[in-house]
Amino acid sequence: MTVVIHHNPDCGTSRNVLEIIKMTGNQPVVIEYLNDGWTKPQLIALFAAANLSPRQALRASKSPAKELGLTNPSVPDDEILEQMLKHSVLVNRPIVCTPKDVRLCRPSEAVFELLDVASGTEFVNEDGEKIVVP
């Protein structure tokens with residue numbers, strides 16, 4: 001199964017999701033979007049596939065979202081999208097694409113729904129927390 005993860009190696013959730021994907025035997029395509037940036041068609045397609053609006057995909061904490069005024073509810077999605085193209089960090093992560101679906105995987109265990117993982121499988125994240133597949 002082809003798995004693509006839009007990954008930020010500085011993010012614990014993103015690192016945990018990447019490890020879960022690898023634990024299931026998948027060798028994902030890793031896109032470090034902070035280095036690669038985004039294109040407008042790419043973000044539009046990714047958000048459509050994940051059923052997210054730019055506002056829903058906005059990373060409000062640990063990003064310049066507030067300083068740019070993007071957390072104001074009156075800011076239109078088009079403006080948020082344009083700012084995401086200029087500031088890659090504004091896109092929340094990790095976003096994972098598999099043949100099953102595309103999803104923003106927050107919390108980490110959301111990735112289990114995209115993978116073939118047996119119920120009861122355990123994973124211990126980098127903080128030592130045990131996650132069990134429902």
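It should be noted that the structure appears before, not after, this text.
So, here's what we can say about the structure. Only a predicted model underlies this, so the values are computations on that prediction, with no experimental measurement involved.

What follows is about the nonpolar core. Core analysis: the largest hydrophobic core is formed by 23 residues, its most contacted members being Leu-43, Phe-47, Leu-58, Leu-70, Met-84, Val-91 and Ile-95. Those elements that provide at least two residues to this core are helix H3 (40–50), helix H5 (77–86), strand E3 (95–97) and strand E4 (102–104). The element that contributes the greatest number of residues to this core is H3, accounting for four residues. Setting aside residues up to four positions removed in sequence, Phe-47 forms contacts with Leu-52, Ser-53, Pro-54, Ala-57, Leu-81, Met-84, Val-91 and Ile-95. One finds Leu-18, Ala-110, Leu-115 and Val-133 within the second-largest nonpolar core, a separate group that totals 17 residues.

Take the environment of Ser-119 next. In this structure, Ser-119 sits in the loop between E4 and strand E5 (122–124). Residues Ser-119 and Thr-39 lie 80 residues apart in sequence; the distance between their C-alpha atoms is 37 Å. Residues within four places of Ser-119 in sequence aside, it is in contact with Val-133 and Pro-134. A polar side-chain atom of Ser-119 sits 3.0 Å from the main-chain carbonyl oxygen of Pro-134.

Inspection of the entire model under this criterion finds six salt bridges. With a shortest N-O distance of 2.4 Å, Arg-15 and Glu-126 are connected by a salt bridge. Note that Arg-15 is positioned in helix H1 (residues 12–23) and Glu-126 in the loop between E5 and strand E6 (130–132), a separation of 111 residues in sequence. According to the relative accessible area criterion, Arg-15 is partly exposed, its value standing at 30%. The closest approach of N and O atoms between Glu-122 and Lys-130, which form a salt bridge, is 3.7 Å. According to the relative accessible area criterion, Glu-122 is partly exposed, its value standing at 46%.

Bringing the pairing of strand E2 (residues 29–32) into the picture now. The sheet contact formed by strand E1 (residues 4–7) and E2 spans four bridges and is parallel. What sits directly across from Val-4, in E2, is Val-29. This β-α-β element, E1 to H1 to E2, shows right-handed connectivity.

In this section: the packing of H3 against H5. Each pair of packed helices can be summarised by the angle the axes make with each other and by the distance between the axes. Following both chains from N to C, one finds H3 and H5 inclined at 125°, their axes separated by 10 Å at the closest point. Regarding the angle of H3 to H5, the classification is oblique. Two packed elements cross with a definite hand, and for H3 against H5 that hand is right-handed. Counting all contacts with H3, which are made through Lys-40, Leu-43, Ile-44 and Phe-47, the residues of H5 involved are Leu-81, Glu-82, Met-84 and Leu-85. Classifying every residue of the contact of H3 with H5 by side-chain character gives six nonpolar, no polar and two charged.

Parameters and conventions
Residues numbered from 1 in each chain as written. Predicted model: local features only at pLDDT ≥ 70, side-chain atom pairs only at ≥ 80, totals over all residues. Heavy atoms only, no water. Core = buried A, V, L, I, M, F, W, Y, C linked by side-chain atoms within 4.5 Å. Buried < 20%, exposed > 50% of the residue type's maximum accessible area, 1.4 Å probe, protein only. Helix = DSSP H or I, 4+ residues; strand = E, 2+ residues; numbered from the N terminus. Contact = heavy atoms within 4.5 Å. Polar contact = N/O pair within 3.5 Å; in protein donor to acceptor, adjacent residues only side chain to side chain. Salt bridge = Lys/Arg side-chain N within 4 Å of Asp/Glu carboxyl O. Pairing = 2+ DSSP bridges. Right-handed = clockwise from strand over helix to strand, strands pointing away. Axes fitted to C-alpha atoms, helices over the stretch in contact; angles between N-to-C directions. Parallel < 35°, antiparallel > 145°, perpendicular 65-115°, else oblique. Left-handed = near helix turned anticlockwise from the far one by under 90°. Nonpolar A, V, L, I, M, F, W, Y, C, P; charged D, E, K, R; others polar.

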